[in-house]
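Each chain, written out:
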Amino acid sequence: MPWQSIQLELTRPWWLIGLLTLPALALYYHRSLVDFKPWQRRISLAVRAAIVLLLVLALAGLAALIPTRQLFVVLAVDRSESLGATALQSADAFIRQATEQAGGNQVVILPFAARPGQPREAAAYLKDAETARQSAAANPSAPTNTEPWDSAGLDRRGTDLASAIETAAALAPPFYVPRIVLLSDGVATSGDALKAAAALKGKVAVDTIALPGRDAPEVQVSAVSSPAQVQQGEPFNVEIVIDSNHDDAGRLEVYRGDIKAADQPVTLKKGENRLVLKQTIDAGGIVPITARIRGVHDTLFDNNSDFGLVSAQGQPRVLLLESNPEQAKQLVWALREQRISVDVRPPRGAPDSLAELQNYDAIILSNVPATALSLRQMDVARTYVRDLGGGLVMLGGDQSFGLGGYYKTSLEEILPVRSDFQKEKEKPSLAMMLVIDKSGSMGGEKIEMAKEAARAAVELLGPNDKIGVLAFEGENFWICELHPCNDKGFVLDRIAGLEAGGGTVMAPAMEEAYDTLKATVAKLKHMIVLTDGISAPGDFEGIAQAMAADRITVSTVAMGGDADQGLLEEIARLGKGRFYLADDPGQTPQIFAKETVTASKSALNEQPFSAAMIRPTQVLSGIRMDEAPFLLGYVITRPKPTAEVILATETGDPLLAWWRRGLGMSVAFTSDAKPRWAAEWLSWPQFGQFWAQVVRHVLRKNDAKGTFVHIKRSGRSATISLDVIEPSGRFLNEARTELRLVDPRLRTTLLDMPQTAPGRYETRIDTSIPGSYELLLTQTHDNRPLGNQSRGLAVGYPDELRLKPADQAQLKGIAFASGGRFDVKPTDVFETPRESAPRVVALWPWLAVLTLLLFVVDVALRRVDLAAGGRIIEF
């Protein structure tokens, strides 16, 4: 190694200030009284100066930069699902052969897929790989993605070559010559690998090794292509692309929504197979077209189906949810006469996905309790109205509004009326006991939901009512003794201290709650019992019958399937109450809210009344409300501050109210549209016109004139384009365009769509989550709304599961862009590089040793008179 290549540097140069002591040494030399010969004194001065210089340089961090060609090699190994067993074995064999040639060089293994994993030592990595192969051989039926690297957080359903290259480059420490070897099939599902490689040009070379793709038998549905928008009843073609890496035969099933549209045998050739089917959609909305292949020789099953979305335009389509569908016939007939298509379902058929709800322009809830809907179904309906411009109409009944338990639900949030109410003074007082299981199985979410339910009950009671909370496990515990509700804060504070733990003994708690209610003065008395398990034996039937005899009602709630449902149903039957099965703990607050309002008998008014017009509106133009017959009852509610009350009862309570919530509209009609309360309205000549005009008022607005939406998906993102042409034929420019995106997890994102060309507005969205994406595009120009466009985007299984050949062109490009080599041999990985890296060697230990030796010399020069034959001077 030539000395000319060595460089020196100071890491703490501010210590050079210590050299200012050298003039002091010189001054001491001139004034010294020592009678040594001048030449000995000059040598002593030089030694002392050298000592100071060496100490200062040591403190200043003098270091030598010595060039080295020692390598730090990062072997970045693709472990994504696009690689088969043969490719993984080839990669491991390459690593084994290469690391045997490492010598004194450093090497680290970086497994990666959708993102880089944890760097590993080669020995540990190869040991895990061998363990995985042995496990797969011992259990061939195990899923293919059960690899030891997954436990370290490696998501194998994706390939991000760019992140792998960037992480590998960051791993290399200084003072080594870095080198990256990338082993992959080159098929990336995200990131820009060429850009990441080009950024390393002249810094780190990336060598690439091409691994073969998946070689096991595989058949996949690659695409389901159809027009984005068709007219209702218009025939259109659906093109289905099926890829296979071998000749095979099976059956192809095609579903149009929930309807099986085709089931036919197919013969598959190796490579791409295209089939075209003709379809029609008889109703408006966004309809999924799903294709599924079965009965084939296959390895992965997640890629055997894919779907597309078709938006069909036609007459308005409404979904009517009715607890008793037979009683909805008159309303359905009236709307259909007004050219509004209506689908009727029971509450359990409510959509739990936006893709299904997007088929409708509005949803009507007719006497549907919140306890019949899941939290997911209510959240979907709220998102549909608020973020996608859908319409909602809630009709009254003894299971609706507050009586249906909608207090503080996501649906009440978008209603124009509140489900709680101010209890009238003349209404009877209520004493209610909550008997809550606090056993150990109620821990976690269950006990929190029980506390939330108790709080909801307290908030709904009036100041003249009373409430008590008694918890039980092996013993009874008063959380809050029967207390007036004019001090709700005291009760709520006590409920907050409820905690779970212990066994389940329910009978003594019911007896104690019964005795408390029996001794209480109140017009109405009610008990709610909640448990999630099987209680120790007790005289439950006797207790329930005794309560019924004393005019005390009891309702029961089974939280989960482990509770004794038969016993709880019998208690509720004998106690003249209701039984509820809460499969999801999150339903419990709605059940308690429903029970509280029902027991108070304060939210129902079943006295005949006529509707009074409060605010004239164009929506009801042509309808003579003064000639409308009597209604026989309604649910008492309170309007929200910004709601418009159009019709009211004779007592001033809202009958018809609406408001805009987000992009959509919701309507509350507190009476019903069936024989119980609207018996006389059913024969009113304007019954159908009234409801048609109300429903049309809330329908989702979708104006497609002169607008064209294009969706192009690439990898984990998609480009949304909107072309707009004015009626004159010119492009519409400088319009404010927004995209409201709802992803499969119901998260809403608002994006601007900037203009990119005459009449064209574009934006890019992330589509990394499989499922249905709902898009609502809105435009305004000169503060004038131009209309909305609704579209759906289907994202099936991850791109990683798609059959694709190894992309050698990508790997060659990565190597060329970074200055590396393509298809290197294992013996070439640790080839001595031409370039070198400066390695820092700290010199302070050597300087300290030299300083110590000079100090000894200095002492000798000060003590020994060399001119006098070595005579020692005594001080």
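Since we're looking at a predicted model, the values are computed, not measured.

S.K.: Please clarify how the overall build of the chain should be interpreted in this entry.
M.R.: If you tally the helices and strands in the chain, you get 19 helices and 43 strands. At 40 Å, the chain has a C-alpha radius of gyration far larger than the 29 Å of a compact globule built from 875 residues. Across its three principal axes, the chain shows a C-alpha extent of roughly 135 × 75 × 65 Å. Long-range contacts, defined as pairs at least 24 residues apart, comprise 75% of the intrachain contacts of the chain with a sequence gap of at least 6. For the chain, the computed accessible surface area is about 39,300 Å², with 53% contributed by carbon and sulfur atoms. Within the chain, one finds 93 positive and 102 negative side-chain charges whose respective centroids are separated by 6 Å.

S.K.: Just checking my understanding: could you explain the pairing of strand 36 (residues 748–752) for this structure?
M.R.: Strand residues, when the strand is regular, have side chains that alternate between the two faces of the sheet. Note that strand 35 (residues 736–742) and strand 36 share 5 bridges and pair antiparallel. Its bridge partner lying in strand 36, V742 is registered against T748. Hairpin geometry of strand 35 and strand 36 is characterised by an intervening segment of 5 residues between the two adjacent antiparallel strands and by a positive phi of about 70° at L746.

S.K.: Where do I start with the sheet that holds strand 7 (residues 219–225) in this structure?
M.R.: Sheet strands line up and pair through hydrogen bonds in the backbone, either parallel or antiparallel. In spatial order, the strands read 7-9-12; together these 3 strands make up an open sheet with antiparallel pairing. On the outer flanks of this sheet lie strand 7 and strand 12 (271–279), each paired with one strand and no other. Strand-to-strand twist across the sheet, computed as the mean angle between neighbouring axes with direction ignored, equals 20°. Here 9 bridges tie strand 9 (residues 236–244) to strand 12, and the two strands are oriented antiparallel to one another. Of the residues in strand 12, the one forming a bridge with N237 is K278.

S.K.: Explanation requested: the side chain of T208 in the structure shown.
M.R.: Here T208 shows up in strand 6 (residues 205–210). A distance of 3.2 Å separates a polar atom in the side chain of T208 from the backbone oxygen of L811. Discounting chain neighbours no more than four positions away, the residues touching T208 are L182, L811, I814, A815, R821, F822, D823 and V824.

S.K.: Explanation requested: the side chain of S400 in the structure shown.
M.R.: Considering the arrangement of structural elements, one finds S400 in the loop between strand 18 (391–395) and helix 10 (410–414). Relative accessible area serves as the criterion here: at 1%, S400 is assigned to the buried category. A polar contact is formed between the side chain of S400 and the backbone oxygen of L395, at a distance of 2.7 Å.

S.K.: Please clarify how a nonpolar patch on the surface should be interpreted in this entry.
M.R.: On the surface, W14, W15 and L59 cluster together into a nonpolar patch covering about 360 Å² of accessible area. Following the sequence through the fold, W15 ends up in the loop between strand 1 (7–10) and helix 1 (22–31). For W15, a relative accessible area of 38% puts it in the partly exposed group.

S.K.: Any chance you could explain the sheet that holds strand 4 (residues 106–112) here in plain terms?
M.R.: Judged by pairing direction, the sheet is parallel, and its 4 strands sit side by side in the order 4-3-5-6 without closing on themselves. Where the open sheet ends on each side, the last strands, each with one partner, are strand 4 and strand 6. Between one strand and the next, the sheet's axes are offset by a mean angle of 20°, whatever the strand orientation. The strands touched by helix 5 (residues 161–171) within the sheet are strand 3 (71–78), strand 4, strand 5 (177–184) and strand 6, with strand 4 carrying the most contacts at an inclination of about 155°. In the packing of helix 18 (residues 808–818) onto the sheet, the strands contacted are strand 5 and strand 6, and the crossing angle to strand 6 comes to about 165°.

S.K.: Looking at this structure, I do not really get the confidence of the model for the chain. What am I missing?
M.R.: Regions with low pLDDT should not have their predicted coordinates read in detail. Per-residue pLDDT for the chain has a mean of 84; in total, 91% of the residues score no lower than 70. Here residues 142–152 is a poorly scored stretch, pLDDT under 50, and it has 21 contacts once near neighbours within four places are set aside; other chains count.

S.K.: Explain the pattern of salt bridges to me, please; I cannot follow it from the model alone.
M.R.: Note on pairing: side chains with opposite charge can pair once their charged atoms come close. All chains considered together, the criterion is met by 40 salt bridges. For R251, the salt bridge goes to D263, with nearest N and O atoms at 3.0 Å. Of the two residues, R251 sits in strand 10 (residues 248–256) while D263 sits in strand 11 (residues 259–268), which places them 12 residues apart along the sequence. With a closest N to O distance of 2.8 Å, K329 and E326 form a salt bridge. Counted as one network, the salt bridges with shared partners bring together D379, R382, R386, D387, E413, R661 and R740.

S.K.: Looking at this structure, how should I read the packing of aromatic side chains?
M.R.: Within a pair of aromatic rings, the relevant descriptors are the distance that separates the centres and the angle that separates the planes. Counting across every chain of the model gives 9 aromatic pairs. Judged by centre distance (5.1 Å) and plane angle (85°), the rings of F690 and W691 are edge-to-face. Taken individually, F690 and W691 each receive the classification buried, so the pair is uniform in this respect. Among the aromatic residues, ring-to-ring pairing joins F669, W681, W684, F690 and W691 into one connected group. The ring of F477 carries K438 above its face, with NZ or CZ at 4.8 Å from the centroid.

S.K.: Any chance you could explain the environment of A628 here in plain terms?
M.R.: Structurally, A628 can be placed in the loop between strand 27 (612–613) and strand 28 (634–635). In the structure, A628 is positioned 17 residues away from A611 in sequence and 7.5 Å away in space, judged by C-alpha atoms. Ignoring anything within four residues of it in the chain, the contact list for A628 reads W681 and W684.

S.K.: What should I look at first to understand unusual backbone geometry in this one?
M.R.: Residues other than glycine predominantly adopt negative phi, and peptide bonds predominantly adopt the trans conformation. Positive phi, normally seen in glycine, also occurs at K408, with a value near 60°. Its location among the elements puts K408 in the loop between strand 18 and helix 10. The phi dihedral of D823 falls on the positive side, at around 60°, and the residue is not glycine. On the secondary structure map, D823 appears in the loop between helix 18 and strand 41 (837–842).

S.K.: Even after reading the chapter, I still don't get the packing of helix 11 (residues 445–460) against helix 16 (residues 588–600), so can you show me in this structure?
M.R.: For any two helices packed against each other, one specifies the inter-axial angle together with the distance between the axes. The geometry of helix 11 relative to helix 16 is characterised by a closest axis approach of 8 Å and an angle of 25° between their N-to-C directions. When the axes of helix 11 and helix 16 are compared, the pair comes out roughly parallel. Helix 11 and helix 16 meet at a crossing whose hand is right-handed. Facing M449, E452, A453, A454, A456, A457 and L460 of helix 11, the residues of helix 16 in contact are T588, P589, F592, A593, T596 and V597. In terms of residue class, the contact of helix 11 with helix 16 is built from 10 nonpolar, 2 polar and 1 charged.

Quick notes on the rules
Residues numbered from 1 in each chain as written. Predicted model: local features only at pLDDT ≥ 70, side-chain atom pairs only at ≥ 80, totals over all residues. Heavy atoms only, no water. Helix = DSSP H or I, 4+ residues; strand = E, 2+ residues; numbered from the N terminus. Rg over C-alpha atoms; globule rule 2.2 N^0.38 Å. Contact = heavy atoms within 4.5 Å. Areas by Shrake-Rupley, 256 points an atom, 1.4 Å probe, with all protein chains shown as cover. Lys, Arg positive; Asp, Glu negative; His and termini not counted. Charge placed at Lys NZ, Arg CZ, Asp CG, Glu CD. Pairing = 2+ DSSP bridges. Axes fitted to C-alpha atoms, helices over the stretch in contact; angles between N-to-C directions. Polar contact = N/O pair within 3.5 Å; in protein donor to acceptor, adjacent residues only side chain to side chain. Buried < 20%, exposed > 50% of the residue type's maximum accessible area, 1.4 Å probe, protein only. Patch = residues over 30% accessible without salt bridge, like charges linked within 9 Å, V, L, I, M, F, W, Y side chains within 5 Å. Salt bridge = Lys/Arg side-chain N within 4 Å of Asp/Glu carboxyl O. pLDDT = per-residue confidence, 0-100. Phe/Tyr/Trp six-rings, centres within 6.5 Å; stacked < 30°, edge-to-face > 60°. Lys NZ or Arg CZ within 6 Å of the ring centre and 35° of its normal. Parallel < 35°, antiparallel > 145°, perpendicular 65-115°, else oblique. Left-handed = near helix turned anticlockwise from the far one by under 90°. Nonpolar A, V, L, I, M, F, W, Y, C, P; charged D, E, K, R; others polar.

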